[in-house]
Amino acid sequence: MVRLRQQNSSFLLLETSRIKRKIDGNSYLINRNLWRETMAEENILFCYMLTDAWGLRLAKVTVFKDGKVQYKDGKRKESCCKLNEPSLKQIKEILKQHAVIFEYTSSEIEFPNILDGVMNFFTFATQEGESVELMAFNIGEVRNPKGHFLEGFMPTSEKNILNHDVVPVKAINVVKTFDEIAEILVKNGVDSKCLRLTYQ
């Protein structure tokens, strides 16, 4: 069992089959098959996975650099499609326009004041080989105008104390990049349910 800190007085408990994986220098126990499937490969351009708080996969989409797309919602059979060249080029351009996300780490992503919910896993990559893997909690809350966010797990302030009710700049940038890519994928036939950021 590993405890992932979600806010000052509460913890998200994640029970998994025992395998350790380092994320941003921090050791977490991650389900063996779950993490194997999310590890960035050289030919992956974009990957998104949604899980519940216990690591059970709810949806997943993978876009390969050759334009092939694999997607799956829950227990349904995996589906595939192929992006046309203009759509693939658009996604690559989106990643260039949002290059700042390649400087982020999971521990810096702001998170909402929610006790339970989902985990969001993202992999963004470029044709040149630059990539970043990010994990966030309930990142879809950035769309909620009444949402309240806290600093990431590792505050940058000298006081080393979590600041409450911050503007989730990094979370917003990640979601904006995700939304722009998702719009293209849905237009190309990918099930929108596979690209949701929340349970619903």
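Source: prediction; values computed, not measured.

Rules of the game
- Residues numbered from 1 in each chain as written.
- Predicted model: local features only at pLDDT ≥ 70, side-chain atom pairs only at ≥ 80, totals over all residues.
- Heavy atoms only, no water.
- Pairing = 2+ DSSP bridges.
- Helix = DSSP H or I, 4+ residues; strand = E, 2+ residues; numbered from the N terminus.
- Axes fitted to C-alpha atoms, helices over the stretch in contact; angles between N-to-C directions.
- Contact = heavy atoms within 4.5 Å.
- Buried < 20%, exposed > 50% of the residue type's maximum accessible area, 1.4 Å probe, protein only.
- pLDDT = per-residue confidence, 0-100.
- Expected span 1.5 Å × (residues − 1).
- Phe/Tyr/Trp six-rings, centres within 6.5 Å; stacked < 30°, edge-to-face > 60°.

1. Some words on the sheet that holds strand β11 (residues 131–137)
- Taken together, the 6 strands give an open sheet; going across it, the order is β8-β7-β6-β5-β10-β11, and neighbouring strands pair in antiparallel fashion. Looking at strand neighbours, the two that pair on one side only are β8 (79–82) and β11, the edges of this open sheet. The average angle at which neighbouring strand axes cross in this sheet is 10°, direction not considered.
- Pairing of strand β10 (residues 118–125) with β11, which is carried by 7 bridges, proceeds in the antiparallel orientation. Counted as the bridge partner of methionine 119 is phenylalanine 137 from β11.
- Taken strand by strand, helix α2 (residues 85–97) contacts β5 (44–52), β6 (57–64) and β10, and its axis lies near 75° from that of β5.
- Seen against the sheet, helix α3 (residues 169–187) touches β5, β6, β7 (68–73), β10 and β11 and runs at an angle of roughly 75° to β10.

2. As for the environment of glutamate 42
- Note that glutamate 42 resides in the loop between α1 (32–38) and β5.
- You can call glutamate 42 exposed: its relative accessible area is 75%.
- For the pair glutamate 42 and glutamate 128, spaced 86 residues apart in sequence, the C-alpha to C-alpha distance is 9.8 Å.

3. Here's the deal with the confidence of the model for the protein
- Put simply, the protein has an average pLDDT of 80, and 73% of its residues get 70 or more.
- Confidence over residues 1–30 falls short of pLDDT 50; this stretch has 83 contacts with residues more than four positions distant or in other chains.

4. Overview of α3
- With 19 residues, α3 should reach 27 Å at 1.5 Å per residue; the first-to-last C-alpha distance of 27 Å fits that figure.
- Among all positions in α3, only Ala171, Val174, Val175, Thr177, Phe178, Ile181, Ala182, Ile184 and Leu185 are buried.
- Structurally, α3 contributes buried residues whose contacts are with β5, β6, β7, α2, β10 and β11.
- Once α3 finishes, glycine 189 follows within two positions and takes phi at roughly 105°, a positive value.

5. Description of the packing of aromatic side chains
- Evaluation of the coordinates by the stated rule reveals 6 aromatic pairs.
- Judged by centre distance (5.1 Å) and plane angle (40°), the ring pair of tyrosine 48 and phenylalanine 122 falls under tilted. You can see tyrosine 48 sitting in strand β5 and its partner phenylalanine 122 sitting in strand β10, a full 74 residues away along the chain.
- Given the relative accessible area of 0%, tyrosine 48 is considered buried.
- By relative accessible area, phenylalanine 122 is classed as buried at 2%.
- On the numbers, 4.8 Å between centres and 55° between planes, the contact of tyrosine 48 with phenylalanine 178 is tilted. Of the two residues, tyrosine 48 is situated in strand β5 and phenylalanine 178 in helix α3; the sequence distance between them amounts to 130 residues.
- Members of the aromatic cluster, joined through ring pairs, are Phe46, Tyr48, Phe122, Phe124 and Phe178.

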